[in-house]
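Close look at the chain arrangement
Here is how the chains run, residue by residue.
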Amino acid sequence: MANWLVALTPWHAGLHGCADCRFCVQNLSRVSCMHPYQEDQEHRRAVLQAMLLVTIASALVFAAFNFPDGMILVGGIQVALAALAAGLLVVVRRTRRVQAWCLRFLLILLSVTILLLSRPEISPFAFIWLLVIPLVTHLLLGSRLGLLLSVGYMGVGAALFLYRFGGSPELVRVEVMSNAIIAALTTLGMSHFYERTRERSELKLTRLATVDPLTGLANRARLIDVFLWEQAQAQARRNGTPLSLLMLDLDRFKRINDEYGHEAGDAVLVAFARMLQQRLREIDLISRFGGEEFLVLLNNTDGKRAFAVAEVLRQSLEQLDIEYQGKILKLTVSIGVAEYGPDGLDLDTLSRVADKRLYQAKASGRNCVRGPIAESGVEREGALLNNAAKEFQSGSDSRSAINSDS
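Residues numbered from 1 in each chain as written. Predicted model: local features only at pLDDT ≥ 70, side-chain atom pairs only at ≥ 80, totals over all residues. Heavy atoms only, no water.

1. Points about the sheet that holds strand 1 (residues 243–250)
One open sheet holds the 5 strands; their spatial order is 2-3-1-6-7, and the pairing between them is mixed. Here the strands that pair on one side only, and so sit at the sheet edges, are strand 2 (285–290) and strand 7 (369–370). (Pairing = 2+ DSSP bridges. Helix = DSSP H or I, 4+ residues; strand = E, 2+ residues; numbered from the N terminus.)

What follows is the structure, given as structure tokens:
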């Protein structure tokens, strides 16, 4: 099924943008948690480019020392590694799959490191490079994958050291081994702690910037970011995937604040937001645009179906009893509908069209929906609306109501 929100979340598979795939499509659309994908990807890209440059320089320097010493195979492997890093440097500058290339590069680099350490001509002091593994893996892959690769490759390296030098008493003395183990665990622990703390701080800042603190919905900034994402619009144009916008405004909301106080108004907003989350699909983005105004992006939904969804939402709120301090508060909503393509190709245009239709709904007495269907007269053919309303009232999943055939 066409899904532009899935296209917006290439990190969901783990290798496409983020080492932590708990930031999934459901979390993005419901805004229960949010991952700063773009900023994080650019951070990883910069670190990977720096790492590739260091790899090229160090591999060539070591090769320059190893060739004169007769270590032809080792020097050849190092030159090949430098050439590979140079090729990856070109790829990484343009790719969108930074996380995948980080993982590929590290698997190659760490495997080559273990291979070189297994060579009999390599000094035992070269094993000190194992302490660098946690720093590199956590910087490039994040806390989870970084920890996994660090433990795996450091464990293999330690086993290799014992295999090669276990018979050398001066190298496996208790004080030598205990210092090595403490140093390795300290490097691993500090790298993991730092990266985990950085990820949590970044996530917290992103939530503060993109989530409405009262309702937990996306805010205006998040809605704009999602809509403007290149893949969303490109997919809609290329595949003809429909996309619609609902603009909802609670009727006479000021009266609630005046009669019951602002805390009652907040309770109403939270109840309305919860109702929207229950009635809409996971792939639809719900946002609070300010005050009592909300915007909803309906994925894979044309104007007719969007009108039907809006009508279901209108009826749901009309029938909703909102409890506040022993009182039942009743409220209605007016909704304007706009369709991506026929009504505009950018968020500003779609918002203006939806806003115009919203005010038509207000002027028509409130508690109604205005959109392409109403303007074209198709509203009189109420089969689609009746279908959506019946499916909702019968307790069927809202996905069915939204995707009902006209």
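2. Quick word on the pairing of strand 2
Side-chain positions along a regular strand alternate between the two faces of the sheet. With respect to burial, strand 2 is a largely interior element, 5 of its 6 residues being buried. As paired elements, strand 2 and strand 3 (residues 293–299) share 5 bridges and run antiparallel to each other. Bridge pairing links Ser 287 to Leu 295 in strand 3. (Buried < 20%, exposed > 50% of the residue type's maximum accessible area, 1.4 Å probe, protein only.)

3. A word on the nonpolar core
Leu 52, Phe 105, Leu 106, Leu 140 and Leu 141 are the most contacted members of the largest nonpolar core, which totals 40 residues. Contributing elements (two or more residues each) for this core: helix 3 (37–66), helix 4 (72–92), helix 5 (98–117) and helix 6 (133–165). Here Leu 106 is in contact with Ser 111, Val 136, Thr 137, Leu 140, Leu 141 and Leu 149, once residues within four sequence places are set aside. Among the nonpolar cores identified, the runner-up in size contains 33 residues, and Leu 250, Phe 253, Val 268 and Ile 322 belong to it. (Core = buried A, V, L, I, M, F, W, Y, C linked by side-chain atoms within 4.5 Å. Contact = heavy atoms within 4.5 Å.)

4. Points about the side chain of Ser 287
Residue position: Ser 287 is located in strand 2. Those residues in contact with Ser 287 that sit more than four places away from it in its chain are Leu 217, Ala 218, Asn 219, Leu 223, Phe 294 and Leu 295.

5. Quick look at the pattern of salt bridges
Counting across every chain of the model gives 17 salt bridges. Where Arg 45 meets Glu 42, a salt bridge forms, and the shortest distance between an N and an O atom there is 3.2 Å. Here the residue Arg 45 and the residue Glu 42 both occupy positions in helix 3, the gap between them amounting to 3 residues, near one helical turn. Take Arg 45: its relative accessible area is 11%, and that puts it in the buried class. For Glu 42, a relative accessible area of 43% puts it in the partly exposed group. Measuring nitrogen to oxygen at the nearest pair gives 3.3 Å for the salt bridge that ties Glu 195 to Arg 44. Of the two residues, Glu 195 is situated in helix 7 (residues 174–210) and Arg 44 in helix 3; the sequence distance between them amounts to 151 residues. Residue class for Glu 195 comes out buried when judged on its relative accessible area of 1%. Judged by relative accessible area, which is 3%, Arg 44 ranks as buried. (Salt bridge = Lys/Arg side-chain N within 4 Å of Asp/Glu carboxyl O.)

Nothing here speaks to function; it is all geometry.
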